[in-house]
Structures are given as C-alpha cells and as structure tokens.
Amino acid sequence: MPDESDREQARLLYALLRREADELTVTLDADLTRRGTPRSTTESRRLARDLDEIRRCLAKLAARFPEVAVLDRP
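Just so you know, these numbers come straight off a predicted model, no measurement behind them.

**Overview of the pattern of salt bridges**
Using the criterion set out here, one finds six salt bridges in the structure. Ionic pairing is found between D22 and R18, a salt bridge with its closest N-O pair at 2.8 Å. Highlighted residues: D22 and R18, both in helix α1 (residues 4–30), separated by four residues, approximately one helical turn. What makes D22 partly exposed here is its relative accessible area of 38%.

**Description of the environment of A59**
Residue position: A59 is located in helix α2 (residues 41–64). The partly exposed category is assigned to A59, whose relative accessible area is 46%. Along the chain, A59 and Y14 lie 45 residues apart, while their C-alpha atoms are 9.5 Å from each other.

**Brief notes about α1**
Over its 27 residues, α1 runs 39 Å from end to end, which matches the ideal 39 Å to within 8%, given 1.5 Å per residue. Listed as buried for α1 are A10, Y14, L17, A21 and L24. Each element contacted by the buried residues of α1 is listed here: α2.

**Notes on the nonpolar core**
Core analysis: the largest hydrophobic core is formed by 13 residues, its most contacted members being Y14, I54, L58 and L61. Mapped by element, the contributors of at least two residues to this core are α1 and α2. The contact partners of L61, leaving out residues within four places of it in the chain, are A10, L13, Y14, L17 and V68.

Conventions we followed
Residues numbered from 1 in each chain as written. Predicted model: local features only at pLDDT ≥ 70, side-chain atom pairs only at ≥ 80, totals over all residues. Heavy atoms only, no water. Salt bridge = Lys/Arg side-chain N within 4 Å of Asp/Glu carboxyl O. Helix = DSSP H or I, 4+ residues; strand = E, 2+ residues; numbered from the N terminus. Buried < 20%, exposed > 50% of the residue type's maximum accessible area, 1.4 Å probe, protein only. Expected span 1.5 Å × (residues − 1). Contact = heavy atoms within 4.5 Å. Core = buried A, V, L, I, M, F, W, Y, C linked by side-chain atoms within 4.5 Å.

Written out as structure tokens, the structure reads:
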C-alpha cells in the first residue's frame, strides 16, 4: 500500500516524464535539428525510441498510481 510520500514522488516523476514526452513529440514533429537542417533517420529513430520508453514509464506509473494521470484526462 503506497503512502503519501510514494504518491507525491509518483506525481512529480509523472509530471517530469510528461513534460519530456511533450518536448520529444514537438522535436519529432518538427523533423529539423536546432540548426534547421533535416534530422537524420538514425536520430529520429533514437528520439522515437526514447519517447516510447517514456510513454511506457508513464503507463506503468498511471497503473500503479492512477491519481497521477489526472492531468492527462479531459
């Protein structure tokens, strides 16, 4: 049974991961590097893999602590 400190840590981690996922999504959607050059396929795959891992972690946190995903609900 998780106590309040576990839930608070889960909320903080979820928020950080959510922001990271949002930033990676924007980066992948832009398909350009910071210098304005097209992103390489290898880099895009790495970023997509990182985003998949973050989403997996978010899902696990939400399954263990359903209250942390409240911000993702409409």
